[in-house]
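Spelled out, the chains give:
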Amino acid sequence: AQSVTQLGSHVSVSEGALVLLRCNYSSSVPPYLFWYVQYPNQGLQLLLKYTSAATLVKGINGFEAEFKKSETSFHLTKPSAHMSDAAEYFCAVSLSTGNQFYFGTGTSLTVIP
Amino acid sequence: DAGITQSPRHKVTETGTPVTLRCHQTENHRYMYWYRQDPGHGLRLIHYSYGVKDTDKGEVSDGYSVSRSKTEDFLLTLESATSSQTSVYFCAISTRGFTGELFFGEGSRLTVL
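Within every chain, residues take consecutive numbers counted from 1 along the sequence as written. All chains are assigned letters beginning with A, and all ligands numbers beginning with 1, in the order in which they are written. Given that the model is predicted, a residue must reach a pLDDT of at least 70 before its local features are reported, and side-chain atom pairs must reach 80 or more before they are shown or counted; all residues, however, enter totals for whole chains, interfaces and linings. Only heavy atoms go into the side-chain values, all of them from the structure, while hydrogens and water stay out.

**Focus: the state of the cysteines**
Link 1 in the chain: Note on disulfides: each one is a pair of cysteine sulfur atoms within 2.5 Å. This structure, assessed with the given rule, holds two disulfides over all chains.
Link 2 in the chain: Shown here is the disulfide that connects Cys-23 of chain A with Cys-91 of chain A, its sulfur atoms set 1.9 Å apart. Its S-S torsion of about -65° marks the bond between Cys-23 of chain A and Cys-91 of chain A as left-handed, since a negative value means left-handed. Pair noted here: Cys-23 of chain A is in the loop between strand E3 (19–21) and strand E4 (24–26) and Cys-91 of chain A is in strand E10 (residues 87–95), with a separation of 68 residues, a long-range link.
Link 3 in the chain: With relative accessibility at 0%, the residue Cys-23 of chain A sits in the buried group.
Link 4 in the chain: The class for Cys-91 of chain A is buried, based on a relative accessible area of 0%.
Link 5 in the chain: The disulfide that involves Cys-23 of chain B links it to Cys-91 of chain B, with 1.9 Å between the sulfurs. Residues Cys-23 of chain B and Cys-91 of chain B share a disulfide whose torsion about the S-S bond is about -70°; that sign makes it left-handed. Within this pair, whereas Cys-23 of chain B is found in strand E3 (residues 19–25), its partner Cys-91 of chain B is found in strand E9 (residues 87–94), the two being separated by 68 residues in sequence.
Link 6 in the chain: A residue is classified by how much of its surface remains accessible, and Cys-23 of chain B, at 0% relative accessible area, is buried. Strands here are runs of E lasting at least two residues and helices are runs of H or I lasting at least four, both read from the DSSP assignment and numbered beginning at the N terminus. Accessibility here uses a 1.4 Å probe with only protein chains present; expressed as a share of the type maximum, an area under 20% marks a residue as buried, one over 50% as exposed, and anything in between as partly exposed.

See the structure below:
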């Protein structure tokens, strides 16, 4: 079975500091990997996705993620946190042979002024 | 923004009553999904549709049914609501099934007393 693990349900960073949100997955075949962001009382929206092209993926709002096959990881980073980055972040994985997305349990990011 | 409308956005009902949530899209996307979001569980797939009258179960389908009689509408029905179905329900659409980006609606918050 596939699974997605997000380490740290809550992460706090100071404004201007590095943001690092961790995501590890289990998959026996090459996966498709996604990061979504959810602002309060809204649906999820795509930040970025990995679909077997470049391993370093750039997304919206200055976020990027690196696919590391050897570590089965797809961590999300942003060099400098902004107050507007405060939200819930979800990692998701799917397979070309599968019939669903597997979502992590989410990481709530707090940005401290 | 993707043209996805969920209704109702908020509903309070009593145990044992039927409830129908509606998802309407203006994007003409083939794939539509119903997810529920609960703290500590991330998003879990209830049912999905890959075309008019073509639906399949997700990982938490017990107690739910769906119908899709038109491309633009995907209905989720709780035949007899239970307190365990108190949740936030999200509709999503995509063009590429389980390998492409999901576009989410704003959610329907259901409380079953």
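On we go from here.
**Observations regarding the sheet that holds strand E1 (residues 4–7) of chain B**
All names here are of chain B.
Link 1 in the chain: Pairing between strands requires that DSSP locate at least two bridges from one strand to the other. The four strands lie next to each other as E1-E3-E8-E7, forming an open sheet whose pairing is antiparallel. Among the strands making up the open sheet, the edge pair consists of E1 and strand E7 (64–70). When strand polarity is set aside, the average angle formed by the axes of neighbouring strands in this sheet is 15°.
Link 2 in the chain: Bridge analysis of E3 against strand E8 (residues 73–78) gives six bridges, and the strand direction is antiparallel. From the neighbouring strand, Thr-20 faces E8, where its bridge partner is Thr-77. The axes are straight lines fitted to the C-alpha atoms, using for helices just the contacting stretch, and the angles between their N-to-C directions are given from 0 to 180°.

**Focus on the confidence of the model for chain A**
Detailed reading of the predicted coordinates is not advisable wherever pLDDT is low.
Link 1 in the chain: This prediction gives chain A a mean pLDDT of 91; 97% of its residues lie at or above 70.
Link 2 in the chain: A score between 0 and 100, pLDDT records how confident the predictor is in each residue. When mean pLDDT is taken per element in chain A, E3 of chain A scores highest with 98 and strand E1 (residues 3–5) of chain A scores lowest with 89.

**As for the pattern of salt bridges**
Link 1 in the chain: Definition used for salt bridges: Asp or Glu carboxyl oxygen within 4 Å of a side-chain nitrogen of Lys or Arg. In this structure the tally under the stated criterion is seven salt bridges over all chains.
Link 2 in the chain: The residue Lys-58 of chain A makes a salt bridge to Glu-64 of chain A at a minimum N-O spacing of 2.8 Å.
Link 3 in the chain: With a closest N to O distance of 2.9 Å, Asp-38 of chain B and Arg-44 of chain B form a salt bridge. Here the two residues Asp-38 of chain B and Arg-44 of chain B agree in accessibility, since each one is buried.
Link 4 in the chain: One salt-bridge network, in which partners are shared between bridges, spans Arg-22, Lys-70 and Asp-73 of chain B.

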